[in-house]
Amino acid sequence: MSSEKKQKASVSEARRKWEEGTLAKGVQRLGLSESPIEYYTPEDVAEHDFLENVGFPGEFPFTAGRHAIPVHIPMWGRGKQLGGGKTIRHAFGYSGYGTAEDMREFYIQRGKTPSRGGGPNIAFDLPTQTGYDSDDAMAEGEVGRVGVAVDTLRDFEIIYEPFVGDMELDRIASNWTINATANIIIAMYAALAEKRGIPLDKLRGTPQNDILKEFVARGTQIFPVKHSMRMTRDTITYCTEHMPNLNTISISGYHMREAGATRVQAIAFTFANGIAYFDAAIEAGLEIDQFVGKTTFLNFGGGMELLKEAAARRAARRVWAKIMRDRFHSKNPKNWIYKELGGGLCGYWPMTIQRPLNNLVRAAVGAAFAALIGEPPACEPPYDEPLGLGHSIEARQLAADASRILMEECKLSDVQDVFAGSHYIESLTNQYEQEMFDVLREIDEMGGALKAVESGWMKDQVIKSAWEHQTRLRTGEDVQVGVNKYTEEDEIEIRIPRTSPYKAERREDAEGRQIENLKRLKAERDDSKVQACLQKIENAARDDKANLIPFFIEAVKEYTTAGEICGVLRSVFGEVH
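Since the model is a prediction, treat every value here as computed from it, not as a measurement.

Undergrad: Looking at this structure, I do not really get the overall build of the protein. What am I missing?
TA: When its secondary structure is counted, the protein shows 22 helices and six strands. If one aligns the C-alpha atoms of the protein with their principal axes, the spans along those axes are about 90 × 60 × 50 Å. Within the protein, residue pairs in contact and separated by at least 24 positions form 76% of the contacts whose partners lie at least 6 positions apart. For the protein, the accessible surface area stands at approximately 26,200 Å², while carbon and sulfur atoms represent 52% of it. Across the protein, the centroid of the 71 positively charged side chains sits 3 Å from that of the 85 negatively charged ones.

Right, dumping it as C-alpha cells:
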C-alpha cells in the first residue's frame, strides 16, 4: 500500500472514531439531533492531483487563476498606468439616461474630474434595445428612462462630442450594453470613426451582443433564434476582418443568475451559449484561434454563500479551459482562458429594499470571495441598487471604499487562490465541474444551446430554480436578514442621504425632446437615399450568406433610424415576443 493510501486509511479510521466519540458527545451535549456543520478531510478529495486539478495561476487548468498575476493588481487605484508606460484602454462606469444631449453634458462634467478616464460605457433605453424609434407608439413612456435614447447616427455624434483630442475614438474603448440591435450600434460607431478620419482597425470596444441569454432571462430579443444568431455571426466575421481590435461579444451569465438560475446553471448555460456562438463563427469559415481572442465573458453573477461561489468560479475556469482545448482544439493556451470583464461579485438579486445599508455588507462579501480567488474585489452593486434607477454618489463612494479596504487594508489579494488545497473547496470544485459538464452534456444531447433556447427548456430551468429559491425564502429555509428574519419592532432601518449623479428631472422630459429632435432630423435628411439603403438591407437580409453590417454602415451615414432598419429586418426575419 502506498504512503498516500496508508494516510487516507489512517485518516478514515480516525474520522470514524471522532464521529462516534467527540462529535457524538458534542451533538448530545447541545441537544441536537445531528451536527449542523460539516468537516472535510483528505478522503473527501479522492485521487486529488495538484498539478492536474489545480496547477499554477496562469497555466492549465487555470483553477488557481486565469493569470499568473491578476491584471487588476498592478493597475489598482485611481490611475491606469502600468509599468513601462503601458496602458489599458477601458470604458468608464456604466451609465445612460435621457437624450444624447443629456449624456454629452454628463460626460463633459465627468471629464472635469480626476476619475474621467475611459470611454463611455453606454446603457440604452428599452426602445433602442428592442429596435423601436422614439416616435414609435411602442416606445411611449420608455424613451430615455433606463438608458439613453439612440435613434440615429446624429445621437452618437452628440454623445461622443466630448471624446476628442487625447480622448479621441482611437485612444479610448467604449462599451455598449445592447444585444438585438448591437450591429446597428457597431455600424454607428464605425460611421462616426470614418467621419472623423479614424481607421476602423484602430477602434476598441465591447458590445454585449449576447442574444441567446435574452431569450432565457431578459427579453429584449427581436428576431427568431436562427436570424438572431446570424446577426452575431455577422459581428464576429466582420470585426475579425475590419475591426480586429474590437471585442465582438460579451457572453453573460449574471442575467440568468439574476433571473433565478443556480450557480451551476448560470455557468453551464453561459458556456453552452458560448459554444453555439463559436460554432456559428467556425461554420462561417473562421478558425477558432482566429477570432476567440476578441470574445469576452461579462460575469456569471454570484450569491451570498462565499465558499460555494469561490468553488464554482474555480470549477468554471477549469471547465472552460477543457472546452477550448479538447472540444474546439484551440492551439493557443491564451485562448483557453475566458476573458471576464466583471470579475466576481455577490450579484444583484441578494440586494434588499428593506434595511438597504445591509447591502453594502452583502456586496463586500461578494468582493471578498472574488479577491480570494484572484479576481478584482468589486463591491457591486452599490447598496442603493433596489431603491431606484441610478446609484447615488454616496452609494458609489461607499462601494469604492469597501473595495479599497479589502484590497489595501485587508490585503486579501496578496495571495493568489488561498483556497488551493482546501479539502472542502477542492471537493466542491470537483463536484461543480462534474455538474457543469453534466448540464452541457444534456444540452448537447438535445441538439445544443440553440435547441435548448428555442424549445424553452433553458428558460424553464431558470424559472423552476427561481421558484424553488422563492419557496425557500417563503418558508424561512433561506434567510434574508431584515426581510424574513430579524424583523421585530426593536430592529431599526438606517437611511443616509442619496445624491443623484445626474439631473434626474431631465429624464422626465426626455421623451418629448427626443421626439422633437427626431422629427427635425427626418425633415432634414435625404429620404430617397434612406429608402435606397433600406432596400439594399432588405435584399441582403434575404441572402443568408450576406453580412449585413456594411449595409448598416451605409444606411446610418444617411441618418436612417435604428427603428427603420429593424422594421425592414422584421419584415424579412419575422419577430418573436
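Next comes the rest of the description.
Undergrad: Looking at this structure, I do not really get the packing of aromatic side chains. What am I missing?
TA: Within a pair of aromatic rings, the relevant descriptors are the distance that separates the centres and the angle that separates the planes. With the rule as written, the count across this model stands at 25 aromatic pairs. Measuring from ring centre to ring centre gives 5.6 Å for Phe271 and Phe300, while their planes differ by 85°; the resulting arrangement is edge-to-face. With a gap of 29 residues between them, Phe271 in helix H10 (residues 263-283) and Phe300 in the loop between strand S6 (295-297) and helix H12 (306-327) connect regions that are remote in the sequence. We note that Phe271, like Phe300, is buried. By the ring-pair criterion, three or more aromatic residues cluster together here, those being Phe271, Phe278, Phe291, Phe297, Phe300, Trp320, Phe328 and Tyr338. Here the guanidinium or amino end of Arg154 rests over the ring plane of Tyr559, the centre of that ring lying 4.8 Å away. In this structure, Arg474 packs its charged tip against the face of Trp467, placed 5.5 Å from the ring centre.

Undergrad: Which parts of the structure should I look at to understand the pattern of salt bridges?
TA: Oppositely charged side chains can form a pair if their charged atoms are brought close together. The final tally for this structure, using the stated rule, is 42 salt bridges. Arg441 is the salt-bridge partner of Asp438, the closest N and O atoms lying 2.9 Å from each other. In this pair, Asp438 and Arg441 are both assigned in helix H15 (residues 423-445), three residues apart and thus about one turn of the helix distant. Look at Asp438 and you get partly exposed, because its relative accessible area is 35%. With a closest N to O distance of 3.0 Å, Arg513 and Asp509 form a salt bridge. Using a relative accessible area of 37% as the deciding quantity, one classes Asp509 as partly exposed.

Here is what the cut-offs are and how they apply
Residues numbered from 1 in each chain as written. Predicted model: local features only at pLDDT ≥ 70, side-chain atom pairs only at ≥ 80, totals over all residues. Heavy atoms only, no water. Helix = DSSP H or I, 4+ residues; strand = E, 2+ residues; numbered from the N terminus. Contact = heavy atoms within 4.5 Å. Areas by Shrake-Rupley, 256 points an atom, 1.4 Å probe, with all protein chains shown as cover. Lys, Arg positive; Asp, Glu negative; His and termini not counted. Charge placed at Lys NZ, Arg CZ, Asp CG, Glu CD. Phe/Tyr/Trp six-rings, centres within 6.5 Å; stacked < 30°, edge-to-face > 60°. Buried < 20%, exposed > 50% of the residue type's maximum accessible area, 1.4 Å probe, protein only. Lys NZ or Arg CZ within 6 Å of the ring centre and 35° of its normal. Salt bridge = Lys/Arg side-chain N within 4 Å of Asp/Glu carboxyl O.

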